[in-house]
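Structure at a glance
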Amino acid sequence: MNDGKGLIFNIQKYAIHDGPGIRTSVFMKGCPLYCKWCSNPESQRAHPEIMTYDIRCISCHRCEEICPVNAISFNEKRRQIDWEKCDNCFKCSGECPSKAIERIGNYLTVDEVLNEVLADEIFYRNSGGGMTVSGGEPLLQWEFVAELCRKAKEKGIHTVLDTCGFASWNVMEKVLKHVDLVLFDVKHMAATKHKEGTGVDNELIMSNAGKTAALVRTWFRVPLIPGFNDSPEDIRKIAEFARSLHIEKVSLLPYHELGSSKYAKIGKTYSMDGLIPTDEEKLKTATAIFESHGLKVEKER
Amino acid sequence: MITAEELRKTLTIKGVRNVRRGMETKDDAERGMYRPEVRIGMERGRFLTESYKMTEGEPMVIRRAKALEHILRNMTIYIQDHECIVGNYAESPHDIFMPIDMTWRSFRRAVVEEDGKSLLDDKGKAELQELCRYWDGKSVRDIQVKAFEGCPQLDKYWQYEGTYLWSHWYGLGVPDYEKLLKIGLKGILAQIEERLQEIRNTIPYDYFQQKNFLEAAAMSIKAVIAWAHRYADKARELAGSEKNPQRKKELEAIAATCDRVPENPARTFQEALQSFYFVHCVTRQIEFVSTGIGIRFDLCMGPFYKKDIEAGRITRGDALDLLKRLWIKFEGQGFAYSQTLSGIYGGVQTLSAMNIGGVDRDGNDVTNEMTYLVLDTAKEMMTLQPNITLRIHKGTPTELFNRATDVIATGVGYPSLFNDEALVPLLQRWGSPLEEARDYAMAGCVYIEIPGKNGHRRMAGYFNLAKCLWWALHRGINPKTGEQYGAPTKDPATFKSIEEVMDAFLEQVRFFVHKMIQIEEVTRSVYEEYLPLPFLSAVTKGCIERGKDLGSFKDPNDGICNYAVAAGQANVADALAAIRKFVFDNKEISMKELIAVLDKNWAGNEVLHQKILTQAPKFGNNDDYVDQICNFVHCKTEEIIEEIADKYGARYHFDGSVVSTGYSLGADTPATPDGRRDGDELSDASLSPMIGRDVKGPTAVLASCAKIDPLKGYNQLLNQRFLPQFLKGANKDVFVNYLKSWRDLRIPHIQFNVVDSETLRDAQKHPEKYTNLVVRVAGYSAYFVDLSKGLQDSIISRTEQGF
Ligand code: SF4
Ligand code: SF4
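Residues numbered from 1 in each chain as written. Chains lettered and ligands numbered in written order. Predicted model: local features only at pLDDT ≥ 70, side-chain atom pairs only at ≥ 80, totals over all residues. Heavy atoms only, no water.

Brief notes about the pairing of strand E5 (residues 387-392) of chain B
Residues and elements named next belong to chain B.
- Burial of E5 is extensive: 6 of the 6 residues sit out of reach of the surface.
- Alternating residues of E5 divide into Asn-387, Thr-389 and Arg-391 and Ile-388, Leu-390 and Ile-392, and every residue in both groups is buried.
- Pairing analysis gives 5 bridges linking strand E4 (residues 353-357) to E5, with the strands arranged parallel. Among the inter-strand pairings, Ile-356 is bridged to a residue of E5, identified as Leu-390.
- Examined bridge by bridge, E5 and strand E6 (residues 416-419) share 4 bridges and lie parallel to one another. (Buried < 20%, exposed > 50% of the residue type's maximum accessible area, 1.4 Å probe, protein only. Helix = DSSP H or I, 4+ residues; strand = E, 2+ residues; numbered from the N terminus. Pairing = 2+ DSSP bridges.)

Spelled out as structure tokens, the structure:
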């Protein structure tokens, strides 16, 4: 795909919650799941797209003039996008002087990404950090990711893969060869519930989780979504599963509507509006359940 | 043990408010310069004046010694109920100190007519007027005016215009506390007597000057010893009528201590603290009115504490108790700032730094229990003064990093970290021998010193590099008046490359640096003649041996004799990068058009303004394009100032202690090509990226800073802003490792603003100023300003819960 380049929507420095130490997180664009609560909606589509920041707009009309399909118009001085019409030609984002329209997603070579990662090498050395490949779902671009991790390891960089586990084992195995630690996202143990929340069945994910844990050091990442998977019963099932696989650690991600404002910026609507963020009590209960199964728990806040 | 709350209750906070004309909000104007209970202490000025009247015609150094003696003998002394370490500089704990002998006009104006009205009652105002009548024509500033008279150049470039701020600000210099504690003032007195004997035999050509100086030094030492005994008497008197047996014991201990020190060598921890505080108080607030501490506290005090512990004389708790009581004394100090200076020192009481950590003269790590006691005291007291500076080197124990992080995490803003790996070699390059370079310390906020070495009046002013670039874009001509004020550099319309812009910029820097230093040098001669400091000299290395006041020589081995504080480095770098990219690389706009837009403060070309803000490379994002330019700005401007030496042959340097100058000099800097608007602030520290322009996170900032050559640059200042949760819990280790990487990158300095909800609320109101503020909430990071209001509110409330 694209001459061996990867589609990346963000490279985050000083990432300290995506594995041990100070890390650089490489976010791959495109995801086979559509989690309703996703806080990075711009990670979902497997192609570049535009993202808008109304607060930065100076109403210069340059985007309106340049858009070949007339997708941009002004309404009482505010710039509006007709998302149906837009075909992602990126003329507007190139023309906008104030980054009020930005292109999300760029095709980069392995070496370009690696150079960015290596810039912070001195921070990894003191902190035991490294590179985390996240997404989206990195395994959608498995060839790129495998090569990136291979080359990083060659340079002595510790590698972490953050995955939802929805990929053929064949592919996964090839990537895991170059990975030191896997952050495996687990959302729900019941197939129907899983499908309802993420759009896909969890059978493949469960089976990959087992194989992964047997092969590589693995942590679970569990988003606590109110009303979806935060009942003691749901938590207990995940905890049992984790224990059965001898998972080293579980990271809990309390739900926040942090990503909700991004939906409108890329022409999507947020379906979870009004959902109350995870409260301290729920978090404590979940922690206690995992700990009672002998698991180490980390809260990501 | 006394608690921080109990101590705080005794306190009058004397921070000055920023009231510089044109910058204050209406609210600030109504509040005045100081809190309502603050007063100016009048006794020092009163007794100084009395003594001056009696000694007219005598040698100046003798007059200064006699004046000191007169003040110390007659001033009110008091011991407050919570005190165990004693010493006061004015007649009441509400008083700030005022340098009437240095300069008085601006204070008088403030107190009689303007923002400082609450500082004195009518009687006090009348006395101040009376004293000022005497000093009219006699203060250093008045004499300086006379010195400048008839020289249009000096007259013109002395006036504040915005390119630099020169002021009658202080000479720092750190007393030789190690020697004081070791041999006591009596020991120093013996050295003076010995030297007097010696010159009576050798009769050097400057016999008369040496004799006067040495006799004055002896007189001032005796005066300080006698003053300490006054506290002993006072304590005994109070003990006599004290009902509470515990307080009675404390008072008796104070009496015994003050009878013993600073006259004699200190034997115990309490004696060492008391001796230090007495000498600090006299040298900083009574003999001369100044600021700063500069002691390497753990190095000096650690051994006394250890001895006491080993002898079973005190417990760790006792030591902590004493330290807290000492801390509150620093927090209670305050300086009378002029209205102009309040712009530079907004919110400042005094600038007093205590140093811990680092290597000793032999290169060994100095960390001891006192190092940790200082951090524990700071954490408990949460006072703004003393400000703690922590020296870091290869051998700094991880435990010290951890404990320092705990204090930084409170948001108090210190310890401020200095990097031995960068600064020791720098001081060596500047001429200090290795052992002395290893002994460096900060006296004020980040004013670098070598303790005990002659450091009087190092600072030559605050210098605005961004304004120099602006002059280079205007051929040194003020477009409003047509006056040729700066250097007559080439017409910018003819610039063919970025190098020509840089050349013109450097030419302006050279021009203005010379002007500023000329003013400083003439003024220093005035100080030398009219403001000798016999006591401070007696406790400073080299003065007794030479028979000279510290204003009259420079130690050839001292690497940091002279400096000027530079501001606007990142703005100049960003501006040059923008010019290079838009004018010379992309040819989107001509030099002439760009300057026309700047002169209209970007009006009419907001598109260009936005493009420069969003597309031109900015320092702090690990982008070589601009980082290399920034390195050039640092190294070349340092090279230029190093061309200049003082009359003793000691070179000038730049320095990064910008305080709040970025704000105040920015107010007088028109729009610059980095996207700044007319009057906007400059970057907040010499090594800091421009506020809001570093968008790639804290590692990219350090990577950019690491490209500024530490050996060709100077003593820097770097502010970083973190959210509290980045320093706590599981993240603490990560933060400590971040600090270790900072050390390994040989960046001279770093300090942290750990942001609280107040800042976040401000960020809601002014998102444009906080574009780089990252918040972490769930398994996800975001720029705070990109979030909806509701989410911002939720983050603010969670921050308040303190995770
Ligand atoms: S990206 Fe979409 S909105 Fe922008 S110019 Fe192209 S079609 Fe128009
Ligand atoms: S080009 Fe950018 S700034 Fe101009 S109107 Fe369009 S979105 Fe707004």
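Next, the rest of the story.
Some details on the sheet that holds strand E11 (residues 652-655) of chain B
All names here are of chain B.
- The strand order across the open sheet formed by 4 strands is E3-E9-E10-E11, and the pairing between neighbours is mixed. In this open sheet, the two strands that pair with only one neighbour each are strand E3 (164-165) and E11.
- In this sheet, E11 lies alongside strand E10 (residues 562-567) in parallel orientation, the contact comprising 4 bridges. Among the inter-strand pairings, Tyr-563 is bridged to a residue of E11, identified as His-653.
- Packing against the sheet, helix H27 (residues 624-642) makes contact with E10 and E11, and its axis sits at approximately 145° to E11. (Contact = heavy atoms within 4.5 Å. Axes fitted to C-alpha atoms, helices over the stretch in contact; angles between N-to-C directions.)

Structural notes on the site of ligand 1
- For ligand 1, the full set of nearby residues is Ile-50, Cys-67, Pro-68, Val-69, Ile-72, Cys-86, Asp-87, Asn-88, Cys-89, Phe-90 and Cys-92 of chain A.
- In terms of residue class, the shell around ligand 1 is made up of 9 nonpolar, 1 polar and 1 charged. (Near = heavy atom within 4 Å. Nonpolar A, V, L, I, M, F, W, Y, C, P; charged D, E, K, R; others polar.)

Description of the packing of helix H20 (residues 465-472) of chain B against helix H21 (residues 498-530) of chain B
Residues and elements named next belong to chain B.
- Orientation of H20 relative to H21, taken along the N-to-C sense of each, is 120°, at an axis distance of 8 Å. As the angle between them shows, H20 and H21 are arranged oblique. As H20 runs across H21, the sense of the crossing is right-handed. Along its contact with H20, which presents Leu-465, Cys-468, Leu-469, Trp-471 and Ala-472, the element H21 presents Val-501, Ala-504, Phe-505, Gln-508, Val-509 and Phe-512.
- Each residue belonging to the contact of H20 with H21 can be placed in one class, and the counts come to 10 nonpolar, 1 polar and no charged. (Parallel < 35°, antiparallel > 145°, perpendicular 65-115°, else oblique. Left-handed = near helix turned anticlockwise from the far one by under 90°.)

Description of the sheet that holds strand E13 (residues 749-754) of chain B
All names here are of chain B.
- A sheet is described by the order of its strands in space; here 5 strands give the open sequence E4-E5-E6-E13-E12, paired in mixed fashion. If you trace the sheet from one side to the other, it starts and ends with E4 and strand E12 (719-722), each paired once. For this sheet, the mean inter-axis angle between neighbouring strands, taken without regard to orientation, is 25°.
- In the packing of helix H16 (residues 369-381) onto the sheet, the strands contacted are E4 and E5, and the crossing angle to E4 comes to about 135°.

So, the packing of helix H3 (residues 43-54) of chain B against helix H6 (residues 122-135) of chain B
All names here are of chain B.
- Interhelical geometry of H3 versus H6 gives an angle of 35° and a closest axis separation of 11 Å. Remark: the crossing between H3 and H6 carries left-handed chirality. Packed against H3, whose contacting residues are Gly-45, Arg-46, Leu-48, Thr-49, Tyr-52 and Lys-53, the element H6 presents Glu-127, Leu-131, Tyr-134 and Trp-135 at the interface.
- Partitioned by chemical class, the residues of the contact of H3 with H6 number 5 nonpolar, 2 polar and 3 charged.

Let's talk about the domain arrangement of chain A
Residue and element names in this part refer to chain A.
- In terms of domains, chain A is made up of domain 1 (5-46 + 106-299) and domain 2 (49-104).
- Each partner contributes residues to the interface: domain 1 has 11 residues there, and domain 2 has 8 residues.
- Each partner contributes to the roughly 880 Å² buried at the junction of domain 1 and domain 2, and carbon and sulfur atoms together form 56% of this total.
- On the domain 1 side of the contact with domain 2, Asn-106, Lys-265 and Ile-266 bury the most area, a combined 52% of that side's loss. (Domains from an automatic or database assignment. Buried area = accessible area lost by both parts, 1.4 Å probe.)

Description of the pattern of salt bridges
- All chains considered together, the criterion is met by 70 salt bridges over all chains.
- Residues Lys-262 of chain A and Glu-42 of chain A are paired through a salt bridge, measuring 2.9 Å at the closest nitrogen-oxygen approach. Taken together, the positions of Lys-262 of chain A in helix H10 (residues 260-265) and Glu-42 of chain A in the loop between strand E2 (23-28) and strand E3 (49-52) put the pair 220 residues apart, joining distant regions of the chain.
- Judged by relative accessible area, Lys-262 of chain A falls into the buried class, the value being 12%.
- In this structure, Arg-391 of chain B and Asp-420 of chain B form a salt bridge, with 2.9 Å as the shortest nitrogen-oxygen distance. Here the residue Arg-391 of chain B occupies a position in strand E5, and Asp-420 of chain B occupies one in helix H18 (residues 420-429), the gap between them amounting to 29 residues. Per residue, the accessibility class of Arg-391 of chain B equals that of Asp-420 of chain B, and both read buried.
- In the salt-bridge network here, residues are joined through shared partners; they are Arg-316, Glu-369, Asp-376, Glu-399 and Arg-403 of chain B. (Salt bridge = Lys/Arg side-chain N within 4 Å of Asp/Glu carboxyl O.)

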